[in-house]
Amino acid sequence: ASHPPGSDAVEVAIIVVHGANRVEEGYFREMVRIVDEHKSSEHTLVVAPAWGEKPCSAADWSGGTSNQVRGDAQAPMWALVDRPFAASEARSWTLGGGSVQGAHSFEVLD
């Protein structure tokens, strides 16, 4: 996210959902650049969720430096699913699927 949790300055939020190539960091940086270009960064929160398909703890995500999350919190993880008549598997989050921990991707966005 482009602002820390609980920031009082945020008036607008933009959620950037990455595509099939899974380059959420690139999408995030590009949207932050656009917001900065329009002189709106002080009041605009940019979030680009990463829909994980392998285990990831708070320590893994932050390189062990985060003081925002305590304990061994685990990020939700979405599995690959077969798509009949398609050349490749789909990531279940793209279909609103549930994570291994139970959160459905569309519920997370809502």
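Up top is the structure these notes are about.
A quick note: this is a predicted structure, and the numbers were derived from the prediction, not measured. (Residues numbered from 1 in each chain as written. Predicted model: local features only at pLDDT ≥ 70, side-chain atom pairs only at ≥ 80, totals over all residues. Heavy atoms only, no water.)

## Here we look at the overall build of the protein
Stated precisely, the cut-off is as follows: Only DSSP runs of H or I reaching four residues or more are called helices, and only runs of E reaching two or more are called strands; each is numbered from the N terminus. Residues count as neighbours in contact if any of their non-hydrogen atoms are within 4.5 Å of one another. Note on areas: these come from Shrake-Rupley sampling with a 1.4 Å probe, and a residue is covered only by the protein chains present in the view.
When its secondary structure is counted, the protein shows 3 helices and 4 strands. Starting at the N terminus and walking to the C terminus, you meet the elements of the protein as β-α-β-α-β-β-α. Considering only contacts within the protein whose residues lie at least 6 apart along the sequence, 54% involve residues at least 24 apart. A total accessible area of about 7,700 Å² is found for the protein, and carbon and sulfur atoms account for 55% of it.

## A look at a nonpolar patch on the surface
The condition that has to hold: Patches draw on residues past 30% relative accessible area with no salt bridge. Two like charges within 9 Å are joined, as are two nonpolar side chains (Val, Leu, Ile, Met, Phe, Trp, Tyr) within 5 Å. Just to be clear on terms, a salt bridge is a Lys or Arg side-chain nitrogen sitting within 4 Å of an Asp or Glu carboxyl oxygen. Partly exposed describes any residue whose relative accessible area lies between the buried limit of under 20% and the exposed limit of over 50%, with all areas from a 1.4 Å probe on protein chains only and scaled to the type maximum.
There is a patch of nonpolar side chains on the surface, built from I15, V17, F106 and L109 and spanning about 340 Å² of accessible area. Residue position: I15 is located in strand 1 (residues 12-15). Classification of I15 as partly exposed rests on a relative accessible area of 47%.

## As for the environment of G96
With respect to the helices and strands, G96 occurs in the loop between strand 4 (90-91) and helix 3 (105-109). With relative accessibility at 14%, the residue G96 sits in the buried group. The spatial distance from the C-alpha of G96 to the C-alpha of E107 is 8.0 Å, given a sequence separation of 11 residues. Among residues more than four places away in sequence, those in contact with G96 are H104, S105 and F106.

## Points about helix 1 (residues 24-37)
This is how it is decided: What a helix should span is 1.5 Å times the count of its residues minus one. In this context, the arc is that of the directions from the helix axis out to the C-beta atoms.
With 14 residues, helix 1 should cover 20 Å at 1.5 Å per step; its first-to-last C-alpha distance of 20 Å lies within 8% of that length. Among the residues making up helix 1, those that are buried are E24, F28 and V35. Viewed along the axis of helix 1, the buried residues span an arc of 35 degrees, placing them on a single side of the element. For helix 1, the exposed residues lying more than 90 degrees away from the buried face are R29 and E37. Residues of helix 1 that are buried make contact with strand 1 and strand 2 (44-47). Downstream of helix 1 by a residue or two, K39 has a phi angle that is positive, lying close to 55 degrees.

Keep in mind these values describe shape, not function.
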